[in-house]
Amino acid sequence: MEILITGGCGFIGTNLVDRMLQQPEIDRVRTLDNYVTGLRRAVQSSRVQEIEGDLRNYDDVLRASDGVDAIVHLGALPSVPRSIKDPFSTNAVNINGTLNVLEAARANNVGHVSVASSSSVYGANPTLPKVESLATLPLSPYAVTKLATEAYTNAYSTTYGLATVAFRFFNIFGPLQRADHVYAAVIPKFLAALKEDAPLTIFGDGDQSRDFTSIHAVTDALTKSALRTVTNGTPVNLAFGGRTSLNTVVDLLQEMHPKKISVEYVERRAGDVTHSQASSTLLESLLPDVERPEFVEALREVYDWYMGQ
Ligand SMILES: NC(=O)c1ccc[n+]([C@@H]2O[C@H](COP(=O)([O-])OP(=O)(O)OC[C@H]3O[C@@H](n4cnc5c(N)ncnc54)[C@H](O)[C@@H]3O)[C@@H](O)[C@H]2O)c1
């Protein structure tokens, strides 16, 4: 079996390549990436083929997906602040790129496509936990592109019979997540600051909460979905219903870190949602055996990884 991972040289993609290579049924993995945030030769193995190409270019996507059995579509510009600054680029990569992937999958008779959407689609809807049937109220251009991504994915299933599933990722964290760019996520940014003995920056009062999800749960779910051709006509949350505030993350890190941590509270950012917590009922019905690491253990793993870098 051969699998194409778009954005396969990014944070989730690199971890997913590693996870997929553990599966004897998967002979080869291809990645398609333009390295805008991903790194070249992210995984070095004779079973991995890195293809340089742009999701906005249909021919690149068509060539990369020729002959594969399944696609995991992760490639995107994945940042709310970036999308607010430059909505055109986010729109072009995330929406047109997704359409190119689905159309290429159809043209190449690919057997299964899973796609990365985001909890940001719930946006201004305050109801917790986030059940997939809730109204979506995106607060940022990024969230709009993810809503379009999942809508296209489901439409390709109903219109063309493509086997698809769109997962709504929550806040994923783990080893290999980059902290060295302005749009980095909160846990790697905290860890990078700790390493430099700098204060941690929190936008707002730190009471905002997230359903932080270990990368291992995500790569396990994506691998099992591809192997089992898991499909669903509506998007599926990929998180487990935990809810941890940023202040609690700091407290937990303080228990691991030998020096006193200082925190700088600055103004809240536009487009950020206040609380996020998944309902995992649908996920558990589709993938009852998905890996489910404890938050504190996963935080300890990523803390040790960053400190060892
Ligand atoms: N990390 C999270 O917490 C999270 C949460 C919700 C959704 N997601 C989604 O998961 C997916 C992967 O996110 P990630 O955290 O690994 O981000 P990432 O930035 O590390 O990975 C994205 C990859 O896509 C590549 N890419 C960007 N534009 C491209 C283009 N035009 N052509 C080809 N490749 C391109 C980048 O170079 C990078 O390797 C994204 O779709 C993102 O929206 C992530």
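Residues numbered from 1 in each chain as written. Predicted model: local features only at pLDDT ≥ 70, side-chain atom pairs only at ≥ 80, totals over all residues. Heavy atoms only, no water.

Chemist: I'd like a description of the environment of Ala124, backed by residues and values.
Modeler: Examined against the element boundaries, Ala124 turns out to sit in the loop between β5 (112–118) and α5 (141–160). Those residues in contact with Ala124 that lie beyond four places of it in its chain are Leu137 and Leu139. (Helix = DSSP H or I, 4+ residues; strand = E, 2+ residues; numbered from the N terminus. Contact = heavy atoms within 4.5 Å.)

Chemist: Now, about the sheet that holds strand β4 (residues 70–73): what can you tell me, with residues and values included?
Modeler: For sheets, the rule is that strands pair by backbone hydrogen bonds, running either parallel or antiparallel. Judged by pairing direction, the sheet is parallel, and its seven strands sit side by side in the order β3-β2-β1-β4-β5-β6-β11 without closing on themselves. Two strands in the sheet have a free side with no partner beyond their single neighbour: β3 (48–52) and β11 (236–238). Each strand of the sheet is rotated relative to its neighbour by a mean of 25 degrees, with strand direction disregarded. The pairing of strand β1 (residues 2–6) with β4 spans four bridges and is parallel. Pairing of Ile5 across the sheet is with Val72, part of β4. Across the face of the sheet, helix α4 (residues 87–107) comes into contact with β1, β4 and β5 while running at roughly 175 degrees to β4. Set on the sheet, helix α7 (residues 215–228) makes contact with β1, β4, β5, β6 (164–169) and β11; between it and β6 the angle comes to about 175 degrees. (Pairing = 2+ DSSP bridges. Axes fitted to C-alpha atoms, helices over the stretch in contact; angles between N-to-C directions.)

Chemist: How would you sum up the packing of aromatic side chains? Please name residues and give values.
Modeler: With the rule as written, the count across this model stands at six aromatic pairs. Plain terms: the ring middles of Tyr156 and Tyr160 are 4.6 Å apart, the flat faces sit at 50 degrees to each other, and that makes the pair tilted. Residue Tyr156 and its partner Tyr160 are located together in helix α5, separated by four residues, close to a single helical turn. Take Tyr156: its relative accessible area is 6%, and that puts it in the buried class. The partly exposed category is assigned to Tyr160, whose relative accessible area is 41%. A network of ring pairs unites the aromatic residues Phe173, Phe212 and Phe295 as a single cluster. (Phe/Tyr/Trp six-rings, centres within 6.5 Å; stacked < 30°, edge-to-face > 60°. Buried < 20%, exposed > 50% of the residue type's maximum accessible area, 1.4 Å probe, protein only.)

Chemist: Before we move on, can you summarise the site of the ligand with the specific residues and values?
Modeler: For the ligand, the set of nearby residues contains 29 residues, the closest of which are Phe11, Asp33, Thr37, Leu74 and Tyr142. When the ligand sits alone it has 830 Å² of accessible area, and the protein chains cover 92% of it. When residues of the shell around the ligand are traced back to their parent elements, those giving at least two are α1 (11–21), β5, α5 and β7 (171–173). It is β5 that provides the largest number of residues to the shell around the ligand, a total of three residues. (Near = heavy atom within 4 Å. Areas by Shrake-Rupley, 256 points an atom, 1.4 Å probe, with all protein chains shown as cover.)

Chemist: Before we move on, can you summarise the pairing of β1 with the specific residues and values?
Modeler: Buried residues dominate β1, accounting for five of its five residues. What you see with β1 is no split at all: Glu2, Leu4 and Thr6 on one side and Ile3 and Ile5 on the other are buried throughout. Bridge count between β1 and strand β2 (residues 28–33): five bridges; the pairing is parallel. Each bridged residue has a counterpart across the sheet, and for Glu2 the counterpart in β2 is Arg28. For the segment spanning β1, α1 and β2, crossover handedness is right-handed. (Right-handed = clockwise from strand over helix to strand, strands pointing away.)

Chemist: An account of the nonpolar core is needed here, citing residue identities and associated values.
Modeler: Nonpolar side chains in soluble globular proteins generally cluster together in the buried interior. Within the largest apolar cluster, 33 residues are counted, with the highest numbers of intra-cluster contacts made by Ile5, Ile12, Met20, Leu74, Phe167, Phe169 and Leu222. At the level of secondary structure, the elements contributing two or more residues to this core comprise β1, α1, β4, β6, α7 and β11. Among all residues touching Met20, those that are not within four sequence positions of it are Ile3, Ile5, Ile26, Val29, Arg47, Val72, Leu222, Thr223 and Ala226. (Core = buried A, V, L, I, M, F, W, Y, C linked by side-chain atoms within 4.5 Å.)

Chemist: How would you explain the pattern of salt bridges if you had to name every residue and give the values?
Modeler: Pairing is possible between side chains of opposite charge, provided their charged atoms come close. For the structure on display, the rule yields 15 salt bridges. Measuring nitrogen to oxygen at the nearest pair gives 3.7 Å for the salt bridge that ties Glu2 to Arg28. A residue pair is termed long-range when its members are at least 10 positions apart, and Glu2 in strand β1 and Arg28 in strand β2 qualify at 26 residues. Taking relative accessible area as the criterion, Glu2 reaches 16% and is therefore assigned buried. (Salt bridge = Lys/Arg side-chain N within 4 Å of Asp/Glu carboxyl O.)

Chemist: Break down the environment of Arg178 for me, with residues and values.
Modeler: Mapped onto the secondary structure, Arg178 falls in the loop between β7 and α6 (186–195). Put simply, Arg178 and Met307 are 129 residues apart on the chain and 13 Å apart in space, counted from C-alpha to C-alpha. Not counting residues within four places of it along the chain, the set of residues in contact with Arg178 comprises Thr37, Gly38, Leu39, Ala184, Pro188 and Tyr306. Here Thr37 takes part through its backbone oxygen, which lies 2.5 Å from a polar atom of the side chain of Arg178. Among the polar contacts listed, one links the side chain of Arg178 to the side chain of Asp180, at a separation of 2.9 Å. (Polar contact = N/O pair within 3.5 Å; in protein donor to acceptor, adjacent residues only side chain to side chain.)

Chemist: A description of the UniProt feature "domain: NAD-dependent epimerase/dehydratase" (unreviewed entry) in the chain should follow, citing residues and the corresponding values.
Modeler: The UniProt record marks residues 3–228 with the feature "domain: NAD-dependent epimerase/dehydratase" (unreviewed entry), using the residue numbering of this structure. Split by type, residues 3–228 is 39% helix and 19% strand. Its first and last C-alpha atoms lie 13 Å apart. (UniProt positions renumbered as here; feature names shortened; annotations may be inferred.)

Chemist: Residues and numbers for the packing of α6 against helix α8 (residues 246–256), please.
Modeler: Two quantities define a packed helix pair, namely the angle between the axes and the distance from one axis to the other. Where α6 meets α8, the axes come as close as 12 Å, and the angle between the chain directions of the two elements is 40 degrees. Taken as axis vectors, α6 and α8 run oblique relative to one another. The interaxial crossing formed by α6 with α8 has right-handed handedness. Contacts between α6 and α8 pair Val186, Phe190, Leu191 and Leu194 from the former with Leu246, Val249, Val250 and Leu253 from the latter. (Parallel < 35°, antiparallel > 145°, perpendicular 65-115°, else oblique. Left-handed = near helix turned anticlockwise from the far one by under 90°.)

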